[in-house]
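# Structure at a glance
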Amino acid sequence: MRINEKQLELVDRQIKRILESGNYYSKVYRDAGITGVSSPEDFEKIPFTDKADLRNAYPLGIQAVPDEKVVRIHSSSGTTGKPVIIPYTKKDVDDWAAMFARCYEIAGITEKDRIHITPGYGLWTAGIGFQAGCEKLGAMAIPMGPGNTEKQIQMMIDLKSTVLCATSSYALLLAEEIEKRGIRDQIKLTKGVIGSERWSQAKRDYIAKVFNIELFDIYGLTEIYGPGIGINCPGGEGMHIFDDYLYTEIIDPKTGEVLPDGEEGEIVITTLVKEGAPLLRFRTHDLSRILPDPCPCGRTYPRLDTIKGRSDDMFKVHGVNMFPSQVEAILGQVDGVSSEYKIDIAHDNSINRDIIMITTEAEGRVDFSATGERIRQLVKSQLNVTPKVVVVSLNTLPRSEKKTQRVFDHRGD
Ligand code: ZN
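Read on for an overview of the structure.

Cut-offs used in this document
- In this convention, every chain numbers its residues from 1, walking through the sequence in written order.
- In keeping with the model being predicted, local features are shown solely for residues with a pLDDT of at least 70 and side-chain atom pairs are shown and tallied solely at 80 or more, while totals for entire chains, interfaces and linings include all residues.
- Calculation of side-chain values draws on the structure's entire complement of heavy atoms; hydrogens and water are dropped beforehand.
- Counted as donors are N, O and S atoms no farther than 2.8 Å from the metal, or 3.2 Å for Na, K and Ca; water is not among the atoms, and sites may therefore look incomplete.
- Any coordination sphere not matching a tetrahedral pattern (four donors, all angles between 85 and 135 degrees) or a square planar or octahedral pattern (four or six donors, opposite donors over 155 degrees apart, other angles between 65 and 115) is reported as irregular.
- Buried means the residue's accessible area, taken with a 1.4 Å probe over protein chains only, is under 20% of the maximum for its type, while exposed means over 50%, and partly exposed covers the values in between.
- Should DSSP find at least two bridges between two strands, the strands are regarded as paired.
- Helix numbers and strand numbers start at the N terminus; a helix is a DSSP run of H or I with at least 4 residues, a strand a run of E with at least 2.
- Contacts are assigned to residue pairs that have any heavy atoms within 4.5 Å of one another.
- Orientation is described by lines fitted to C-alpha atoms, with helices fitted over the stretch in contact, and by angles between N-to-C directions that extend from 0 to 180 degrees.
- Residues adjacent in sequence count toward polar contacts only when both atoms are side-chain atoms; beyond that, a polar contact is any pair of N or O atoms within 3.5 Å, and within protein one must be able to donate a hydrogen and the other to accept it.
- For this document, the term salt bridge refers to a Lys or Arg side-chain nitrogen within 4 Å of an Asp or Glu carboxyl oxygen.
- Any pair of Phe, Tyr and Trp rings, taking the six-membered ring for Trp, is counted once the centres come within 6.5 Å. Such a pair is stacked with planes under 30 degrees apart, edge-to-face with planes over 60 apart, and tilted for the rest.
- When the NZ atom of lysine or the CZ atom of arginine is within 6 Å of a ring's centre and also within 35 degrees of its normal, the charge is said to sit over that ring.

## Looking at the coordination of the zinc ion
Ideal geometry at a metal centre gives angles of 109.5 degrees when four donors are arranged tetrahedrally and 90 or 180 degrees when six donors are arranged octahedrally. Coordination of the zinc ion by the protein is provided by Cys233 (SG), His240 (NE2), Cys295 (SG) and Cys297 (SG), with metal-donor distances spanning 2.1 to 2.3 Å. Of note is the zinc ion, whose four donor atoms meet at the metal with angles of 104 to 117 degrees in an arrangement that counts as tetrahedral. Along the chain, the residues donating to the zinc ion fall in the pattern C-x6-H-x54-C-x1-C. Of the two residues, cysteine 233 and histidine 240, both sit in the buried class.

## Considerations on the sheet that holds strand β7 (residues 214–221)
In space, the nine strands of this open sheet follow the order β4-β3-β5-β6-β7-β8-β9-β14-β13, with mixed pairing throughout. Of all strands in the sheet, those with a lone pairing partner are β4 (140–143) and β13 (290–291), marking the two edges. Looking at chain direction, strand β8 (residues 226–231) and strand β9 (residues 239–241) are connected through two bridges and run antiparallel. Within β9, the residue paired with isoleucine 231 across the bridge is histidine 240. Of the strands in this sheet, β5 (163–167) and β6 (191–195) are in contact with helix α8 (residues 168–181), which crosses β5 at around 120 degrees.

## Focus: the side chain of serine 338
For serine 338, the position within the fold is in strand β18 (residues 337–348). Here serine 338 falls in the buried class, since its relative accessible area comes to 13%. From its side chain, serine 338 meets the backbone nitrogen of glutamate 340 in a polar contact 3.1 Å long. Serine 338 has contacts with Thr360, Glu361 and Leu394, leaving out every residue within four places of it along the chain.

## Some thoughts on the pattern of salt bridges
In this structure the tally under the stated criterion is 24 salt bridges. Aspartate 31 serves as the salt-bridge partner of lysine 27, at 2.9 Å between the closest nitrogen and oxygen. With a gap of four residues between them, lysine 27 and aspartate 31 both fall in helix α2 (residues 24–31), about one helical turn apart. Across the pair, aspartate 31 and lysine 27 agree in class, each one exposed. Across the pair lysine 180 and glutamate 177 runs a salt bridge whose closest N-O atoms are separated by 3.5 Å. Placement of both lysine 180 and glutamate 177 in helix α8 is noted, with a separation of three residues, approximately one turn of the helix. Within this structure, Glu150, Glu177, Lys180 and Arg181 form a network of salt bridges that share partners.

## Section: the packing of aromatic side chains
A full pass over the atoms with the stated rule returns seven aromatic pairs. With a centroid separation of 5.4 Å and an interplanar angle of 80 degrees, the aromatic rings of phenylalanine 43 and tyrosine 247 are classed as edge-to-face. Placement of the pair is phenylalanine 43 in helix α3 (residues 40–43) and tyrosine 247 in strand β10 (residues 246–251), with a sequence separation of 204 residues. For the residue pair phenylalanine 43 and tyrosine 247, the accessibility class agrees, reading buried in each case. Put simply, the rings of Tyr24, Tyr25 and Tyr29 pair up and form one aromatic cluster. Taking NZ or CZ as reference, lysine 274 lies 4.8 Å from the ring centre of tyrosine 88, over its face. In this structure, arginine 406 packs its charged tip against the face of tyrosine 341, placed 4.6 Å from the ring centre.

## Topic: the sheet that holds strand β21 (residues 407–409)
Hydrogen bonds between backbone groups are what pair the strands of a sheet, and the pairing can be parallel or antiparallel. Read from one edge to the other, the open sheet built from four strands follows the order β20-β19-β18-β21, with strand pairing classed as mixed. Where the open sheet ends on each side, the last strands, each with one partner, are β20 (388–393) and β21. Across the sheet, the mean angle separating the axes of adjacent strands is 15 degrees when strand polarity is ignored. In this structure, strand β19 (residues 353–362) lies alongside β20, joined through six bridges in parallel fashion. The partner of glutamate 361 across the bridge, within β20, is valine 392.

## Focus on the pairing of β18
Bridge count between β18 and β19: nine bridges; the pairing is antiparallel. Bridge pairing in β19 places alanine 346 opposite isoleucine 355.

## Structural notes on unusual backbone geometry
In the segment running from tyrosine 58 into proline 59, the intervening peptide bond is cis, with an omega of -5 degrees. Relative to the helices and strands, proline 59 is located in the loop between α4 (51–56) and β1 (70–76). The phi angle at tyrosine 225 is positive, at roughly 70 degrees, despite the residue not being glycine. With respect to the helices, strands and loops of the structure, tyrosine 225 is situated in the loop between β7 and β8. The buried category is assigned to tyrosine 225, whose relative accessible area is 0%. Residues other than glycine seldom take positive phi values, yet asparagine 384 does so here, at roughly 65 degrees.

Below, the structure is given as structure tokens:
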């Protein structure tokens, strides 16, 4: 989907605003000779930007408005180096809440709902995004934040929460706990809005089954407002992305070439109306594709397919590119295996080979060694590498309330 006239106009306005602000990007664009855009060809000349640029501009180098316009900052924690700070104006905060409320509406959530919010509050964009969208919609927010499973379940029962907002890992943890206690009949949840992590069908099916709820994937990242810039519709495939606020491209992560709709690559997002920290052609490193056909629901917002993984999660074994999601999909095909797993990669000098080891959990009723062998065969036939497989008891691998690290590469150790 090429950029349209209206979007081009908004980008042109953004460029002029950036140049005038004297911020970090004003220098980047001045050096690149970019003064505005009037055609899709012009637009594609705008250089990509990346998290590394935002770190270079730490703390507030990307701010494009005077201080008195900024009402809030958020920060994304980097795993390495400096965090990224994103300033928001009042309009940015309002726009984000409006998009988030739209996500809830698409999921069929109304002002009668009671929304149980477990993502964290604070510097990062999670909890407060779910909260602001909920208030904008007019539903009742139950601002739990993460942790304290005991209290979560108590409040869920006493307040009759109808919507659970969580990461997939935390939703899984709560589902396991509720199943263990046999208290499903006391839980009134009808929907789950699951954010910020790519997750497998097996995990999704388990959570949906235990809670008996309809699940929605919410998309977003701190650099581009936060969660709530897109969601899947009931029965629909992929996630609708709001093209009145954002323009989305898919590029080849290696060459930067813009790919046609339907082809898989890295999501690149341009903010059309963001004031505090406008970003043009921001590389998300999330991998997906634009679904080319119109959605059966009738909404015309473009759709991104379920996030396949991150271009920086990709790992290479014996010259084969792999994603954790591929391993996860295979584990989902094996009876009795949980959706928790980790992948260790090491180099064995004595045989000069990379060794890939998959550790996963299985239920006590299945034979661990036969299960391991089945996984080994499936990975070998589907991914062309032969792993070592270790099967451990359920609840042995660590659960996380945030994103779970799946791949541990020891080759440089
Ligand atoms: Zn739809």
